[in-house]
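Geometric and topological summary
Below are the chains, spelled out letter by letter.
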Amino acid sequence: MRRKKIAVLGATGSIGTSTLAVLRDLQEEYEVYALSAHRNMALFAEQIREFAPKAAAVTDEQCAKDFRAEGVELFAGEKGLIQICDGADLVILGVVGVAGLPVFEHCLRSGIPVALATKEAMVYGGRLARDLMEQTGTPVLPLDSELSAIFQCLKGNEMCPPEEILLTASGGPFRTWPLERIQQATLEQALRHPNWSMGAKITIDSATMANKGLEIMETRWMFDIAPEKITVVVHPESIVHSAVRFADNSVMAQLGVPDMKLPIAYALGHPGRRKNSVEKLDFFQIGALHFEQPDLKKFPCLALAMQATRGDGSAQMIFNASNDVAVELFRTGAITFWQISEVISQAMDHFAGVRAKSFDEIYGINERIKAYVRQRHLPQAGK
Ligand code: NDP
Ligand code: MG
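Let me begin by describing the structure that accompanies this report. Keep in mind the model is a prediction, meaning the values are calculated, not measured. Starting afresh in each chain, residues are numbered from 1 along the sequence in its written order. The naming scheme follows written order: chains are lettered A onward, ligands numbered 1 onward. Predicted model: local features are reported for residues with pLDDT of at least 70 only, side-chain atom pairs are reported and counted for 80 or more only, and whole-chain, interface and lining totals are derived from all residues. With hydrogens and water stripped out, all remaining heavy atoms of the structure feed into the side-chain values.

Looking now at the overall build of the protein. Numbering goes from the N terminus for both helices and strands, where a helix is a DSSP run of H or I of at least four residues and a strand is a run of E of at least two. From N to C terminus, the protein includes 17 helices and eleven strands. Its C-alpha atoms give the protein principal-axis dimensions of about 60 × 55 × 40 Å. Partly exposed describes any residue whose relative accessible area lies between the buried limit of under 20% and the exposed limit of over 50%, with all areas from a 1.4 Å probe on protein chains only and scaled to the type maximum. Out of the 383 residues in the protein, the part that is buried amounts to 55%. Whether two residues touch is decided by their heavy atoms; if any such pair falls within 4.5 Å, the residues are in contact. A sequence separation of at least 24 residues applies to 67% of the contacts in the protein between residues at least 6 apart. The Shrake-Rupley method, run with a 1.4 Å probe sphere, supplies the accessible areas, and residue values consider only the shown protein chains as cover. Accessible surface computed for the protein: about 17,100 Å², of which carbon and sulfur atoms make up 51%.

Lines are fitted to the C-alpha atoms to define the axes, a helix being fitted only along its stretch in contact, and any angle between axes, read from their N-to-C directions, falls within 0 to 180 degrees. At a minimum axis separation of 11 Å, helix H11 (residues 210-222) and helix H15 (residues 314-331) run at an interaxial angle of 150 degrees. Crossing of H11 over H15 shows left-handed handedness. Contacts between H11 and H15 involve Ala-210, Leu-214, Met-217, Arg-220 and Trp-221 from the former and Gln-316, Phe-319, Asn-320 and Asn-323 from the latter. Amino acid classes used here: Ala, Val, Leu, Ile, Met, Phe, Trp, Tyr, Cys and Pro are nonpolar; Asp, Glu, Lys and Arg are charged; the rest, including Gly, are polar. Of the residues in the contact of H11 with H15, the class split is five nonpolar, three polar and one charged. In this scheme, a crossing is called left-handed if the near helix is turned counterclockwise away from the far one by less than a right angle; it is called right-handed if the turn is clockwise.

Each metal site is built from N, O and S donor atoms within 2.8 Å (3.2 Å for Na, K and Ca), and since water is not included, such sites may look incomplete. The magnesium ion (ligand 2) binds to the protein through Asp-144 (OD), Glu-146 (OE) and Glu-215 (OE); the donor distances cover 2.1 to 2.2 Å. In the primary sequence, the donor residues of the magnesium ion (ligand 2) line up as D-x1-E-x68-E. As far as burial versus exposure is concerned, Asp-144 and Glu-146 are alike and both buried.

Moving on to the site of ligand 1. For each residue, the test is whether any non-hydrogen atom lies within 4 Å of the molecule or strand; if one does, the residue is near. In the neighbourhood of ligand 1, 24 residues make up the surrounding shell, with Thr-12, Ser-14, Arg-39, Asn-40 and Glu-120 lying closest. Polar contacts here mean pairs of N or O atoms no more than 3.5 Å apart (in protein, one a potential hydrogen donor and the other a potential acceptor; neighbouring residues in sequence count only if both atoms are side-chain atoms). Gly-10 places a polar main-chain atom, nitrogen or oxygen, 3.2 Å from an oxygen atom of ligand 1. At 2.6 Å from an oxygen atom of ligand 1 is found a side-chain nitrogen or oxygen belonging to Glu-120. Considering ligand 1 on its own, with 900 Å² of exposed area, one finds that the protein chains cover 84% of that surface. Among the elements of the structure, helix H1 (14-24) and helix H6 (119-136) are those that each provide at least two residues to the shell around ligand 1.

Before going further, it helps to examine the nonpolar core. Soluble globular proteins tend to pack their nonpolar side chains together in the buried interior. Grouped together as the largest cluster of nonpolar side chains are 127 residues, with contacts concentrated most on Leu-9, Phe-104 and Phe-319. Looking at which element gives the most residues to this core, the answer is H15, with ten residues. Leaving out residues up to four positions away in the same chain, Phe-319 has contacts with Ala-210, Leu-214, Met-217, Cys-301, Leu-304, Ala-305, Ala-308, Ile-344 and Met-348. To form a nonpolar core, buried Ala, Val, Leu, Ile, Met, Phe, Trp, Tyr and Cys residues must be joined to one another through side-chain atoms within 4.5 Å.

One bridge is not enough; two strands pair if DSSP finds at least two bridges between them. Across five bridges, the pairing between strand S1 (residues 4-9) and strand S2 (residues 30-37) is parallel. Considered in S2, the bridge of Ile-6 is made with Val-32. Judged from the four bridges that link them, S1 and strand S5 (residues 90-93) form a sheet pairing that is parallel. Considered in S5, the bridge of Ile-6 is made with Leu-90.

Take the sheet that holds strand S11 (residues 251-255) next. To summarise the sheet geometry, strands pair through backbone hydrogen bonds and adopt either a parallel or an antiparallel arrangement. The strand order across the open sheet formed by four strands is S9-S8-S10-S11, and the pairing between neighbours is mixed. A single partner strand is all that each edge strand has here, and the edge strands are strand S9 (230-234) and S11. Direction aside, the axes of adjacent strands within the sheet are offset by 20 degrees on average. By the bridge criterion, five bridges tie strand S8 (residues 164-169) to S9 in an arrangement that is parallel. By the bridge assignment, Thr-168 is partnered in S9 with Val-233. The strands that helix H7 (residues 145-154) touches are S8, strand S10 (240-245) and S11; relative to S10, the one it contacts most, it runs at about 40 degrees.

Here's what the structure looks like:
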């Protein structure tokens, strides 16, 4: 049997290592064809040794200069990330940030199926990405657990457009905290997610609930659903990964333990389902599931994201670019946890009306927003 060739982009990250953990058990069916990393060269060298891919890309130009590996064709930089996708049967896109957009565009145009974790590709790409998906018909499978759930609920219901998407959110580590305590939250506290183990950026986004905001945007464009049909439901157990309500008020949900290996294995096996090492869901052990409304006063980033989603698409980009810098500033101690939403709100006001009419324009606007936010909140950055 010919093995399916998989390219794992962002192999050294949380999504990348979970993907490789799934692939490790499925090597009879799948070939790890290409891998990419940015700066974690020690782990990347180990991964290349274990999986022996045909091609590998180091996206950080400086790291690429010094990196050596035997028996693999090496590529460098943003271009390298794109080059290693050619020849793959499926690209697992797990790089963080806007860096995922050019390669996403390339795969769509070249007809290379993508399993998409990088939510920023949808957030920045917005309507342009949606239109390109439709024009090219290139298969895109969502990897984000909530979007994978929605995708699975919609399957078999192609003739029945959904009335409502119930996008679940764990509520993060501060869900039960009073507002005054959240306002004093530290970096260490923000990095302690109750259910999911993920990269640092997305873990902080879960604490502010900006992550759920980005998922509203991702859902809006992945499934071409009007923003008013997307309802965020706080569900602290993270067992219901999301649900869809149809015209007859029937609700379909997808459930499972909170483990990213589940949506990853689903995307790899699609349209079938394979056995995997994910823990079985035990209803009796769980006992009860809980659902709440999100508190927009305690989580202003979510309110801002909802506002951005109702705009024409460009507001999403301002939300994401300013949030990226705000999280970076918070991680370095330049601003407090609570100031993250203030930074975003101010940037959204400042750049209101900015539009990107093509993929190429997105990158310039993204840089302008980021430079502005850094300059404003870290004046020495511009000097
Ligand atoms: P991590 O920070 O753990 O990993 C990011 C990966 O991207 C690493 O391999 C990193 O390389 C690489 N990378 C960093 N910067 C660049 C760049 N400029 N160009 C190319 N590659 C780069 O992130 P996660 O795995 O947590 O998240 C990845 C994406 O998936 C994000 O968009 C996130 O929102 C999304 N996602 C993640 C989930 C999760 O459970 N983690 C769940 C759902 C979505 P290196 O480490 O070598 O520097
Ligand atoms: Mg998610």
